Amino acid sequence: MSDVVEKPVVAISVKDVTKKFKVYYDKGTSLKERALFWKRNRHEDRTVLNGISLEIPQGQAVGLIGHNGCGKSTLLKLITRILYPDSGSVEVKGRVSSLLELGAGFHPDLSGRENIYTNASIFGLSKEEIDRRLNDIIEFSELGDFIDNPVRTYSSGMYMRLAFSVAINVDADVLLVDEILAVGDTNFQTKCFSKMQEIKASGTTIVIVSHSLSQIEQICDRSIWIHGGVIKGDGAPVDVHNNYMEFMLKQRQNNVSLAQMTEEVMRLMKDKENTTNALKSGMTEEQRDSVQAGNDLRWGSKEIEITKVTVTDGSGKESKFIDVGDAIHFKVDYKVNTPMRDIVFGIGIYRKDGLNIYGTNTMLEGYDRYYVSEDGSYEIDMPEYCLIPGRYIVGFSIEYGQGIPVDYWKTAVEIETFSKIADVGTVRLKHTWVMPENAQIDEADDEDSGSEV
């Protein structure tokens, strides 16, 4: 006799769901405007979700990720039945509590206590059930004596804390959360996060929409990546997030390439304008060249001229997008117009606002001076490129003697760094944490107490 494997109970079932919205170009707001300017009512049907299908078992925590406008929040509203699909079906088993718009249903002239009863009843609780939970809700909100004041006198933080406290204390079977875990001050946020993990441990099905990938990785068992109205990835959070980050990086690369092409066209147009003005003013050819060189932040006598800069990452792949801490390698090709002695090679790194981050050359570091008579290249290898996320300009130089410019190219290449760590400053310094021996590890923290960053 073979063992029968029980199929997990499905808490949320979404089958072939499509949702469209009408997007008006310039819709009239009054009857008169609609009658006189009827052409303003032109619109297009925009498909936000296109045949989405998924199942979420009971007790599973799922994160929905994707760029703005991909359909994450729309899917969440379909599950709560705030919206209804144009086609397909959505089935949810059990009581649903949603943290989509905190405080929906609050009346400004009622007290916090009165609004607890009003808001909790929206979630389906009876008066007796609310009575039993009232003290827990007030205690969690930390409002104290303010609980009997009208909510119109609350600060935005107090308002959000009360709404969050109600929503998570209704013993829901399904909890839906949309970008609202950053409620209140730091201490309250920590308490909210712990409460979410407690709710998960109790067997509640959780669906979270968030742009904080690390937050999802700490709470969720599964991530679903939505792109262009369809599911592009579904699986373990770390795997899906890595694919998502790689995809978004390529998108940014394409956007930067397009922006660079636009900047290049604008630069050429400006150069043409400068050259035309120079001709009109009777400037010499040498002076015109100087004007054009100034536009590029590039100058020098040009006996030796930089022709190309190649940037590769730690894997040897040519890229101008570098993960913080990864290796980076520069190769600078040059051509020789006139052989020269006493040559020095250099590099400079600048932030976008012009701050000089780092600069050095072969003379400062004790290398020999060089006699250069043929075309060639020099290379710079950095095993750890530790500038924090941002855009940086890297320039290169060829000098003669005591700093006489042969070819200074201050804006040779633009590098962008990225990282999952949101540290601040200019550089990431390698360091180690040593935690207090008497501190207890929180159950939510599955990392080692001392980890190297």
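A quick note: this is a predicted structure, and the numbers were derived from the prediction, not measured.

## Describing the overall build of the chain
Then step 1. Helix and strand counts for the chain stand at 9 helices and 19 strands.
Then step 2. Looking at the chain residue by residue over its 453 residues, the buried ones come to 38%.
Then step 3. For the chain, contacts bridging at least 24 residues in sequence account for 69% of all contacts bridging at least 6.
Then step 4. Split by element, the accessible area of the chain, about 26200 Å² in all, is 50% carbon and sulfur.

## Considering the packing of helix H3 (residues 112-122) against helix H4 (residues 127-141)
Then step 1. Here H3 crosses H4 at 125 degrees, and the two axes come no closer than 10 Å. With respect to H4, the axis of H3 lies oblique. Here H3 and H4 pass one another in a crossing that is right-handed. Where H3 approaches H4, its residues Arg113, Ile116, Tyr117, Ala120 and Ser121 are matched on the opposing element by Lys127, Ile130, Asp131, Leu134, Ile137 and Ile138.
Then step 2. Of the residues belonging to the contact of H3 with H4, the class tally is 7 nonpolar, 1 polar and 3 charged.

## As for helix H5 (residues 156-167)
Then step 1. Counted at 1.5 Å a residue, the expected span for H5 with its 12 residues is 16 Å, and the 17 Å between its end C-alpha atoms agrees.
Then step 2. Those residues of H5 that fall on the buried side of the exposure criterion are Met158, Arg161, Leu162, Ala163, Phe164, Ser165, Val166 and Ala167.
Then step 3. Residues of H5 that are buried sit in contact with strand E5 (96-99), H3, H4 and helix H6 (186-201).

## Some details on the nonpolar core
Then step 1. Counting 43 residues, the largest nonpolar core has Ile116 and Leu162 as its most contacted members.
Then step 2. A per-element tally of this core places H5 first, with 6 residues.
Then step 3. Residues contacting Ile116, with those up to four places away along its chain left out, are Ile130, Leu134, Ile137, Ile138, Ile147, Leu162 and Val166.
Then step 4. Formed by 32 residues, the second largest nonpolar core is a distinct cluster that contains Val311, Phe330, Ile357 and Leu387.

## Some thoughts on the pairing of strand E9 (residues 230-235)
Then step 1. Here strand E8 (residues 222-227) runs beside E9; their pairing, made up of 5 bridges, is antiparallel. Note on E9: the bridge partner recorded for Ser223 is Gly235.
Then step 2. Count of turn residues in the E8/E9 antiparallel hairpin: 2 residues, of which Gly228 carries a positive phi of about 65 degrees.

## Comments concerning the side chain of Thr80
Then step 1. Relative to the assigned elements, Thr80 resides in helix H2 (residues 72-80).
Then step 2. Side-chain polar atoms of Thr80 contact the backbone oxygen of Lys77, separated by 2.9 Å.
Then step 3. Apart from residues no more than four positions distant in its own chain, Thr80 is found in contact with Ser98, Leu100 and Leu176.

## Here we look at the pairing of strand E13 (residues 328-336)
Then step 1. Direction of pairing for strand E11 (residues 304-313) relative to E13: antiparallel, over a ladder of 9 bridges. When the bridges of E13 are listed, Thr312 appears paired with His329.

## Concerning the confidence of the model for the chain
Then step 1. Looking at the chain as a whole, the pLDDT averages 80, with 79% of positions reaching at least 70.
Then step 2. Predicted confidence is poor over residues 286-295, with pLDDT under 50, and the contacts of this stretch with residues over four places away or in other chains come to 11 contacts.
Then step 3. Residue range residues 444-453 is modelled with pLDDT below 50. Its contacts to residues more than four positions away, or to other chains, number 13 contacts.

## So, the sheet that holds strand E17 (residues 376-382)
Then step 1. Taken together, the 3 strands give an open sheet; going across it, the order is E11-E13-E17, and neighbouring strands pair in antiparallel fashion. Two strands bound the open sheet, and with one partner strand each, they are E11 and E17. Adjacent strand axes in the sheet meet at a mean angle of 20 degrees when their direction is disregarded.

## A few points about the sheet that holds E9
Then step 1. Read across the sheet, 6 strands follow the order E5-E6-E7-E3-E8-E9 without closing on themselves; strand pairing throughout is mixed. Of all strands in the sheet, those with a lone pairing partner are E5 and E9, marking the two edges. Direction aside, neighbouring strands of the sheet carry axes that sit 15 degrees apart on average.
Then step 2. Taken strand by strand, H2 contacts strand E3 (61-65), E5, strand E6 (174-178), strand E7 (205-209) and E8, and its axis lies near 150 degrees from that of E6.

## Brief notes about the packing of aromatic side chains
Then step 1. Counted under the stated rule, the structure contains 9 aromatic pairs.
Then step 2. Three or more aromatic residues link up through ring pairs in this structure, and these residues are Tyr334, Phe345, Tyr370 and Tyr378.
Then step 3. It is Lys191 that lies over the ring of Phe140; its NZ or CZ is 4.6 Å from the centre.
Then step 4. The ring of Tyr350 carries the charged tip of Lys410 above its face, separated from the ring centre by 4.7 Å.

## Topic: the side chain of Asn169
Then step 1. Inspection of the secondary structure assignment puts Asn169 in the loop between H5 and E6.
Then step 2. For Asn169, a relative accessible area of 11% corresponds to the buried category.
Then step 3. A polar contact is formed between the side chain of Asn169 and the backbone oxygen of Ser165, at a distance of 2.6 Å.
Then step 4. Non-local contacts of Asn169, meaning those with residues more than four positions away in its chain, are made with Arg133, Asp136, Ile137, Phe140 and Lys195.

Thresholds applied
Residues numbered from 1 in each chain as written. Predicted model: local features only at pLDDT ≥ 70, side-chain atom pairs only at ≥ 80, totals over all residues. Heavy atoms only, no water. Helix = DSSP H or I, 4+ residues; strand = E, 2+ residues; numbered from the N terminus. Buried < 20%, exposed > 50% of the residue type's maximum accessible area, 1.4 Å probe, protein only. Contact = heavy atoms within 4.5 Å. Areas by Shrake-Rupley, 256 points an atom, 1.4 Å probe, with all protein chains shown as cover. Axes fitted to C-alpha atoms, helices over the stretch in contact; angles between N-to-C directions. Parallel < 35°, antiparallel > 145°, perpendicular 65-115°, else oblique. Left-handed = near helix turned anticlockwise from the far one by under 90°. Nonpolar A, V, L, I, M, F, W, Y, C, P; charged D, E, K, R; others polar. Expected span 1.5 Å × (residues − 1). Core = buried A, V, L, I, M, F, W, Y, C linked by side-chain atoms within 4.5 Å. Pairing = 2+ DSSP bridges. Polar contact = N/O pair within 3.5 Å; in protein donor to acceptor, adjacent residues only side chain to side chain. pLDDT = per-residue confidence, 0-100. Phe/Tyr/Trp six-rings, centres within 6.5 Å; stacked < 30°, edge-to-face > 60°. Lys NZ or Arg CZ within 6 Å of the ring centre and 35° of its normal.

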